Protein chains: 2
Amino acid sequence: MNEDNQLAPGLASTMTVTTVSQSKCFGGVQSVCSHESLETRCAMRFGVYLPPQAQTARVPVLYWLSGLTCTEENFIVKAGAQRVAAELGLAIIAPDTSPRGLKIPGEADSYDFGIAAGFYVDATQAPWSHAYRMYSYITKELFEIVSSTLPVDPARAGIFGHSMGGHGALTIALKNPSRYKSVSAFAPIVSPSRCPWGEKALSGYLGPNREKWREYDATSLIEDRGWKGPTLLVDQGTQDQFMESQLKPELLLEVCKRLGIPLNLRMQQGYDHSYYFISSFMEDHLRFHAKNL
Amino acid sequence: MNEDNQLAPGLASTMTVTTVSQSKCFGGVQSVCSHESLETRCAMRFGVYLPPQAQTARVPVLYWLSGLTCTEENFIVKAGAQRVAAELGLAIIAPDTSPRGLKIPGEADSYDFGIAAGFYVDATQAPWSHAYRMYSYITKELFEIVSSTLPVDPARAGIFGHSMGGHGALTIALKNPSRYKSVSAFAPIVSPSRCPWGEKALSGYLGPNREKWREYDATSLIEDRGWKGPTLLVDQGTQDQFMESQLKPELLLEVCKRLGIPLNLRMQQGYDHSYYFISSFMEDHLRFHAKNL
């Protein structure tokens, strides 16, 4: 199965995108937008940073996927990405992490499942399958809305993220290599099939058959599909409290070594799981993507 | 009256400072600390960024004063100051904006008076005079705690802030020129005696006698005391929704021109009152202070 989607430019034109807020930042504009999503059946927000270069030309676009508990807000206020994005001429799209307000029983019972924990999958299990479709939301609906309404060049798109969003970025790029031409991650969950966060999410959204989980596990996807794109860049703090129990960077290192996939895994001495870690290495990631795009 | 305080190094040694959180950031350490304040009669938190240089030497120290509704958290997560502070070797202290949890009737009734709105004054009116002593807290107690417990050089201290905190930075520096050797502000309230926020705060904390307000009004202080320190640096966004009604940068410009006080007032085209504005020009302010210190 090839899920490397083609653009369907007609779709987005039927949708209305509302600007919730807008602030000048490093010569560009940081906005928050909202729209009614067909995939997630609710209003979805996403952050948009447009660099000054976007006033006169279509610019490359980077998608940022956030981690557990986050909204579209965390990245845009905490990551400090706008300065370098302005310099390099990169647009950055930062969506929310799940549907909200659907009133599905249990949706808000835990921080690692349901609201703010969509895990970037298309759920197949009721009641989640109705609207927990973050994979299709990110790769199709949001991509099309952004491509058709903003001054970006969809042929130069990359993706990156943090923790659950690092998992999202890796799996989405591995499944859509012709759409996302560059991928990196901060402290990603590299194999949700083999950690408590992932096992809870994947069994809840996809059911108990672990074969179905391979589509959403970066290490399995590398085994099943390989990766012919540029080097995967991954930063991991050595003082990250989730590294050993949930993130397990060694599993990614192992499969990449075994299969000859280029991986630049940087163990960052003394850094934890926070945005203080992310902001410290944001510039490196933006330069990495700009080079690839 | 000269309020240019002398250090009292004995005081701080009686106090216990607790580290609430600590994260490596740009090679240095971003912490949040807490202590029981004698001035404000409650536990007070403050952010501390120590650059890598502080591991081997005492470094210059900058105090950041935040605006209305803020805690010690806003600056440290949103301003993006750590990168340049690490490069320049500057420590940055970011205190909370008022006492909290005192259960004074009315303390939480409005966003612009009481909690998170201490205005960096020593209140003289009951019930506020008991603990709303942010002026003494910043200039004496916090200064002494920081100087005696952290690897900073108190002889090289500067101060800056935003909005209410820009007012705080200007008034505190103008009253203590030998302690704070460099001052700058983002979108400061330049004359609280002449705007609704300031009139509400100063009448509430200091009473109706406007003569007493002069001690806490940057334009009056410049008239009364002058300023022999380095150029005052002030950035003001032209799309700031509070510029005309509350901030009134023209009043600062007028008095500085009239009295020959060096002021670099930069009107930043299109910027608003948010941290997107602050972060865009943070680097300039840090380089300005590093040069002065």
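All of these numbers come straight from a predicted model, not from anything done at the bench.

## With respect to the overall build of chain A
Working step 1: A tally of helices and strands in chain A yields 10 helices and 9 strands.
Working step 2: The C-alpha radius of gyration of chain A comes to 17 Å, within 12% of the 19 Å expected for a compact globule of 293 residues.
Working step 3: The C-alpha extent of chain A, read off along each of the three principal axes, is 45 × 40 × 35 Å.
Working step 4: Looking at chain A as a whole, 62% of its 293 residues qualify as buried.
Working step 5: Restricting the contact set of chain A to residue pairs at least 6 apart, pairs at least 24 apart contribute 72%.
Working step 6: Accessible area of chain A: about 10,700 Å², with a carbon and sulfur share of 52%.

## Some details on the packing of aromatic side chains
Working step 1: Enumeration over the complete set of coordinates arrives at 38 aromatic pairs over all chains.
Working step 2: Consider the rings of Tyr271 of chain A and Phe277 of chain A, whose centres lie 6.2 Å apart with planes at 45°: the pair is tilted. The exposure classification of Tyr271 of chain A matches that of Phe277 of chain A, with both residues buried.
Working step 3: When the ring of Trp128 of chain B is compared with that of Tyr132 of chain B, the centres are 5.2 Å apart and the planes differ by 90°; the resulting orientation is edge-to-face.
Working step 4: Using a relative accessible area of 2% as the deciding quantity, one classes Tyr132 of chain B as buried.
Working step 5: Site record: aromatic cluster; members linked through ring pairs are Trp64, Phe75, Phe160, Phe186, Tyr271, Phe277 and Phe281 of chain A.
Working step 6: The aromatic ring of Tyr216 of chain B is capped on one face by Lys175 of chain B, whose charged end is 3.9 Å from the ring centroid.

## A look at the state of the cysteines
Working step 1: Scanning the entire structure with this criterion turns up 0 disulfides over all chains.
Working step 2: The thiol of Cys25 of chain A is unpaired, and the distance to the nearest cysteine sulfur, on Cys33 of chain A, comes to 15 Å.
Working step 3: The class for Cys25 of chain A is buried, based on a relative accessible area of 0%.
Working step 4: Between Cys42 of chain B, a cysteine without a disulfide, and Cys33 of chain B, which holds the nearest cysteine sulfur, the sulfur-to-sulfur distance is 16 Å.
Working step 5: Residue classification places Cys42 of chain B among the buried positions, given a relative accessible area of 7%.

## Things to note about the sheet that holds strand 3 (residues 43-50) of chain B
All names here are of chain B.
Working step 1: Reading across from one edge, 1-2-3-5-4-6-7-8-9 is the order of the 9 strands in this open sheet, with mixed pairing throughout. Both edges of this open sheet fall to strand 1 (17-25) and strand 9 (263-268), since each of them pairs with a single strand only. Ignoring which end each strand starts from, the neighbouring axes of this sheet average 20° apart.
Working step 2: Summarising the sheet, strand 3 and strand 5 (residues 91-95) pair through 4 bridges and their orientation is antiparallel. Pairing of Gly47 across the sheet is with Ala94, part of strand 5.

## Remarks on unusual backbone geometry
Working step 1: Cis geometry marks the peptide bond from Ala126 of chain A to Pro127 of chain A; its omega dihedral reads 0°.
Working step 2: Inspection of the secondary structure puts Pro127 of chain A in the loop between strand 5 (91-95) and helix 4 (134-149).
Working step 3: The backbone of Phe119 of chain A shows a phi angle near 60°, a positive value even though the residue is not glycine.
Working step 4: The buried category is assigned to Phe119 of chain A, whose relative accessible area is 0%.
Working step 5: Within the chain, Lys103 of chain B stands out as a residue other than glycine whose phi angle is a positive 60°.
Working step 6: Tracing the backbone through its elements, the reader meets Lys103 of chain B in the loop between strand 5 and helix 4 (134-149).

## Points about helix 6 (residues 196-206) of chain A
Residue and element names in this part refer to chain A.
Working step 1: Within the span of helix 6, buried status applies to Trp197, Gly198, Ala201, Leu202, Tyr205 and Leu206. Along helix 6, the residues classed as buried sweep out an arc of 105° about the axis, all on the same side.
Working step 2: Packed against the buried residues of helix 6 are helix 8 (243-247).

## Some remarks on the relation of the copies chain A and chain B
The relation between the two copies of this chain is a rotation about an axis and a shift parallel to it.
Working step 1: Mapping chain A onto chain B calls for a rotation angle of 180° and an axial translation of 0.0 Å; the resulting RMSD is 0.0 Å. The relationship between the two copies is best expressed as a two-fold rotation axis.
Working step 2: Interface residue correspondence from chain A to chain B reaches 100%, placing this contact among same-surface, isologous pairings.

## Thoughts on the pairing of strand 5 of chain A
Residues and elements named next belong to chain A.
Working step 1: By the criterion of burial, strand 5 is predominantly enclosed, with 5 of the 5 residues buried.
Working step 2: Here strand 5 shows a buried face lined by Ala91, Ile93 and Pro95 and a second buried face lined by Ile92 and Ala94.
Working step 3: Where strand 4 (residues 59-65) meets strand 5, 3 bridges bridge the pair, whose relative direction is parallel. Across the sheet, the residue bridging to Leu62 is Ile92, located in strand 5.

## Quick look at the sheet that holds strand 6 (residues 152-162) of chain A
All names here are of chain A.
Working step 1: Here we have 9 strands laid out as an open sheet, ordered 1-2-3-5-4-6-7-8-9, and mixed in their pairing. The open sheet terminates on both sides in strands that have one partner only, identified here as strand 1 (17-25) and strand 9 (263-268). Looking at each pair of strands side by side, their axes are set apart by 20° on average, direction ignored.
Working step 2: Two elements, strand 8 (residues 232-237) and strand 9, share 6 bridges in a ladder whose sense is parallel. Across the sheet, the residue bridging to Leu233 is Asn264, located in strand 9.
Working step 3: Across the sheet, helix 5 (residues 164-175) lies against strand 4, strand 6 and strand 7 (180-186), angled at about 140° from strand 6, the strand it touches most.
Working step 4: Of the strands in this sheet, strand 4, strand 5, strand 6, strand 7, strand 8 and strand 9 touch helix 10 (residues 275-292), which is tilted by about 165° from strand 7.

## Points about empty space enclosed by the protein
Residue and element names in this part refer to chain B.
Working step 1: Scanning the model with the defined rule gives 1 cavity of 30 Å³ or more in all.
Working step 2: Considering only enclosed or pocket space, the largest cavity measures out at about 30 Å³ in volume.
Working step 3: Secondary structure elements with two or more residues in the lining of the largest cavity: strand 3 and helix 2 (73-78).

## Section: the environment of Met243 of chain A
Working step 1: As for its position among the elements, Met243 of chain A is in helix 8.
Working step 2: Spatially, the C-alpha atoms of Met243 of chain A and Thr71 of chain A are 22 Å apart, while their sequence positions differ by 172 residues.

## Topic: the confidence of the model for chain A
Working step 1: Of the residues in chain A, 95% reach a pLDDT of 70 or more, and the chain-wide mean stands at 95.
Working step 2: For the stretch residues 1-13 of chain A, pLDDT sits under 50, and the model shows 30 contacts to residues farther than four places along the chain or on other chains.

## Description of the interface of chain A and chain B
Working step 1: Between chain A and chain B, the residue contacts involve 22 residues of the former and 22 residues of the latter.
Working step 2: Roughly 1,700 Å² is buried in total at the junction of chain A and chain B, and carbon and sulfur atoms are behind 51% of that figure.
Working step 3: Connecting chain A to chain B are 0 salt bridges.
Working step 4: Linking chain A to chain B there are 8 residue pairs in polar contact (both at pLDDT 80 or more).
Working step 5: Only strand 1, helix 2 (73-78), helix 3 (82-88) and helix 10 of chain A provide two or more residues apiece to the side of chain A that touches chain B.
Working step 6: It is helix 10 of chain A that contributes the most residues to the side of chain A that touches chain B, 5 residues altogether.

Criteria and cut-off values
- Residues numbered from 1 in each chain as written.
- Chains lettered and ligands numbered in written order.
- Predicted model: local features only at pLDDT ≥ 70, side-chain atom pairs only at ≥ 80, totals over all residues.
- Heavy atoms only, no water.
- Helix = DSSP H or I, 4+ residues; strand = E, 2+ residues; numbered from the N terminus.
- Rg over C-alpha atoms; globule rule 2.2 N^0.38 Å.
- Buried < 20%, exposed > 50% of the residue type's maximum accessible area, 1.4 Å probe, protein only.
- Contact = heavy atoms within 4.5 Å.
- Areas by Shrake-Rupley, 256 points an atom, 1.4 Å probe, with all protein chains shown as cover.
- Phe/Tyr/Trp six-rings, centres within 6.5 Å; stacked < 30°, edge-to-face > 60°.
- Lys NZ or Arg CZ within 6 Å of the ring centre and 35° of its normal.
- Disulfide = S-S within 2.5 Å.
- Pairing = 2+ DSSP bridges.
- Axes fitted to C-alpha atoms, helices over the stretch in contact; angles between N-to-C directions.
- Arc of directions from axis to C-beta.
- Least-squares fit on C-alpha atoms with pLDDT ≥ 70 in both.
- 1 Å grid on protein atoms, 1.4 Å probe; cavity = no way out; pocket = protein on both sides within 12 Å on 5 of 7 lines; lining within 4 Å.
- Points joined across faces, edges and corners; volume = space filled by probe spheres on them.
- pLDDT = per-residue confidence, 0-100.
- Buried area = accessible area lost by both parts, 1.4 Å probe.
- Salt bridge = Lys/Arg side-chain N within 4 Å of Asp/Glu carboxyl O.
- Polar contact = N/O pair within 3.5 Å; in protein donor to acceptor, adjacent residues only side chain to side chain.

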